[in-house]
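# Structural features, examined
The primary structure of each chain is shown beneath.
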Amino acid sequence: MHLRNITLCALAAVFAAALPFIQAQAQESCPAGSIFSQTPALPTDSPSPRVWVNDDFWGPGNGTAASAYDYFSVADRICGVTWWGTELSTMTLCATERTAPTFTVTFFTDDTSSGSSMPGSVVCQYTVTATKENTGLIYANTLNPGCPQLPLYRYSADLATCCNLTSGWITVRGTAAGSANGAVFVPVSNYELGATMCEYNGTDLPYRVRTGDNRSVSFCLTTRLSVPDVVGLAQAAAESAITGAGLTVGTVTTDYSMTVPAGDVISQDPAAGSDAVPGDAVSIVVSLGVPTLVTVPDVLGMTVADATTALQAAGLALGTVTEQYSSEPVGAVISQTPDANEDAPLNSSVNLVVSKGEAPPMPVSGLAGLAAVAAALGVTGALRTRKRG
């Protein structure tokens with residue numbers, strides 16, 4: 001038998017056993033606002049954590065290695081998934097990172113036609129590149145004492161489109177492309193009293209239903225919310241709308257406004273209708289009302305009409321408008337008083353000077369004028385002859 005096949009068989013045989021933690025730290029948690037939560041088992045739980053091989057590099061029916069599926073029930077659409085596991089080489093059985101954190105996330109209906117609840121038809125399937133983080137938690141590697149530690153990773157991914165399935169089954173598998181170096185993804189169990197889950201190994205068809213061992217798969221499901229429109233609401237009402245939508249109030253800043261009454265919301269970030277996950281922050285800008293001093297806008301180069309609009313928007317009025325010759329285009333503002341960016345009292349006036357265009361040439365008279373014209377016409381010599389006569 002080929003060495004790789006021998007290794008795979010050995011790996012399959014050992015994966016039925018539990019892998020205890022050798023380093024206990026803080027309990028892992030699901031993202032804020034998760035609509036389904038099953039976190040990794042603690043080292044004090046009994047039974048201790050279990051692992052499976054969920055990776056396309058191995059294939060769905062390799063020996064007795066079982067892929068894990070778990071049941072869920074939620075009250076909202078599924079838009080994101082978080083899960084936990086480790087990665088190891090199928091050749092050495094030592095901790096080895098996969099070449100890329102790419103996975104297939106599949107959701108199934110709940111099929112009870114055989115008398116047992118198990119995965120049915122595929123409803124949603126996604127290929128994702130997950131965000132991968134080392135949790136700092138360590139498993140004792142009972143697979144190979146020569147490399148005794150296996151790190152626990154946390155993976156998370158937002159789904160391109162939300163899956164509208166309120167109850168059913170999920171499995172997360174490493175892709176063959178992400179396991180090109182022969183390292184495979186190994187999910188870890190959750191401690192769940194009375195849990196029911198399913199395994200598939202190509203032999204127990206359609207699935208092997210596991211009950212009574214108090215283990216299920218550790219994963220979390222999140223949804224996306226729609227950011228409410230709070231512009232124009234009083235601050236208290238805006239904050240209530242934000243928290244009522246499952247979000248949190250972010251930074252609250254203030255600014256003067258010519259149109260929004262004091263205490264009402266001028267703007268928000270993110271904008272109304274944007275997607276958000278539970279617990280996301282929405283920042284608001286609250287009006288201080290009309291200012292007593294305003295900043296003079298820069299209206300140089302504008303037409304008088306555009307300058308008037310800009311001044312009125314800033315809470316100022318158009319003052320005197322005078323004209324002056326200039327190389328600037330006719331009608332363009334060439335100076336203003338007060339200058340741009342200065343503070344001025346609300347409703348005060350700004351005086352403008354507007355270009356009349358280029359100045360005309362200076363007029364000339366008498367023989368000097370006639371000579372200038374003649375020179376321009378090329379008849380200077382004729383004028384001289386006439387003068388002599």
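Notes on the structure follow. No experiment lies behind these values; they were computed from the predicted model shown.

### Some remarks on the overall build of the chain
The helix and strand inventory of the chain stands at five helices and 25 strands. Going through the 389 residues of the chain one by one, you find that 42% of them count as buried. Residue pairs at least 24 apart in sequence account for 75% of intrachain contacts in the chain once pairs closer than 6 positions are excluded. Accessible surface for the chain amounts to roughly 18700 Å². Of this, 55% is attributable to carbon and sulfur atoms.

### Quick word on the state of the cysteines
A complete count under the given rule lists four disulfides for this structure. With a sulfur-sulfur separation of 2.0 Å, Cys79 is cross-linked through a disulfide to Cys162. In this structure, the disulfide formed by Cys79 and Cys162 twists by about 110 degrees around the S-S bond and is classed as right-handed. Of the two residues, Cys79 is situated in strand β4 (residues 78-89) and Cys162 in strand β8 (residues 149-163); the sequence distance between them amounts to 83 residues.

### So, the side chain of Ser216
Within the secondary structure, Ser216 sits in strand β14 (residues 215-217). Looking at Ser216, the relative accessible area reads 0%, which means it is buried. A polar contact is formed between the side chain of Ser216 and the side chain of Gln38, at a distance of 3.3 Å. Apart from residues lying up to four places away in sequence, Ser216 is in contact with Gln38, Trp52, Asp70, Ser189, Asn190, Glu192, Ala195 and Met197.

### Quick word on the pattern of salt bridges
Inspection of the entire model under this criterion finds five salt bridges. Here Asp56 ties to Arg173 by a salt bridge, and the two come within 2.8 Å at their closest N and O atoms. Separated by 117 residues along the polypeptide, Asp56 in the loop between β2 (36-38) and β3 (67-73) and Arg173 in strand β9 (residues 167-174) bring together distant segments of the chain. Taking relative accessible area as the criterion, Arg173 reaches 11% and is therefore assigned buried. Close ionic contact of Glu97 with Lys132 constitutes a salt bridge, the shortest N to O distance being 2.5 Å. Linking Glu97 in the loop between β4 and β5 (102-111) with Lys132 in strand β7 (residues 131-140), this pair joins segments that are 35 residues apart in sequence. The class of Lys132 is partly exposed, set by a relative accessible area of 26%. Overlapping salt bridges bring together Glu28, Glu133 and Arg154 as one network.

### Examining the pairing of strand β20 (residues 281-287)
Note: strand β17 (residues 248-255) against β20, six bridges, orientation parallel. Its bridge partner being in β20, Thr254 is matched across the sheet by Val286. Two strands pair when backbone bridges link them, and strand β18 (residues 265-269) and β20 are joined in this way by four bridges, in the antiparallel orientation. Counted as the bridge partner of Val265 is Val286 from β20.

### Details of the sheet that holds β9
Taken in spatial order, the six strands of this open sheet run β6-β5-β9-β3-β12-β13, and their pairing is antiparallel. At either margin of the open sheet sits one strand with a lone partner, and together these are β6 (118-129) and β13 (208-211). Strand-to-strand, the axes of this sheet are offset by a mean angle of 30 degrees, without reference to chain direction. Relative to β9, β5 runs antiparallel, the two being bridged by six bridges. The residue bridging Phe108 from the neighbouring strand is Trp169, located in β9.

### Structural notes on the nonpolar core
Core analysis: the largest hydrophobic core is formed by 28 residues, its most contacted members being Phe72, Trp83, Phe107, Ile170 and Leu221. Mapped onto this core, the elements with two or more residues apiece are β3, β4, β5, β6, β8, β9 and β15 (219-222). When residues in this core are grouped by element, the largest group, five residues, is from β8. Setting aside residues up to four positions removed in sequence, Trp83 forms contacts with Phe103, Val128, Ala130, Tyr153, Arg154, Tyr155, Ser156, Ala157, Val172, Phe185, Ser218 and Phe219. If you look at the next biggest cluster of nonpolar residues, it comprises 15 residues, including Val53, Trp84, Leu137 and Val184.

Here is what the cut-offs are and how they apply
- Once a new chain begins, its residue numbering starts again from 1 and follows that chain's sequence as written.
- The predicted nature of this model means local features are confined to residues of pLDDT at least 70 and side-chain atom pairs, given and counted, to a pLDDT of 80 or more, with totals for whole chains, interfaces and linings taken over all residues.
- Processing note: side-chain calculations cover all non-hydrogen atoms of the structure and skip hydrogens and water entirely.
- Numbering goes from the N terminus for both helices and strands, where a helix is a DSSP run of H or I of at least four residues and a strand is a run of E of at least two.
- Buried means the residue's accessible area, taken with a 1.4 Å probe over protein chains only, is under 20% of the maximum for its type, while exposed means over 50%, and partly exposed covers the values in between.
- When checking whether two residues touch, look at their non-hydrogen atoms; a contact exists if any pair is within 4.5 Å.
- Exposure was quantified through the Shrake-Rupley algorithm and a 1.4 Å probe, taking into account, for residues, occlusion by the shown protein chains and nothing else.
- Two cysteine sulfurs form a disulfide in these notes if their separation is within 2.5 Å.
- By the criterion applied in these results, polar contacts are pairs of N or O atoms within 3.5 Å in which, for protein atoms, one can donate a hydrogen and the other can accept it, and in which residues neighboring in sequence qualify only through two side-chain atoms.
- In what follows, salt bridge is the name for a side-chain nitrogen of Lys or Arg lying within 4 Å of a carboxyl oxygen of Asp or Glu.
- Here, strands pair whenever DSSP counts at least two bridges between them.
- Lines are fitted to the C-alpha atoms to define the axes, a helix being fitted only along its stretch in contact, and any angle between axes, read from their N-to-C directions, falls within 0 to 180 degrees.
- Among buried residues, those of type Ala, Val, Leu, Ile, Met, Phe, Trp, Tyr and Cys that are joined through side-chain atoms within 4.5 Å constitute a nonpolar core.

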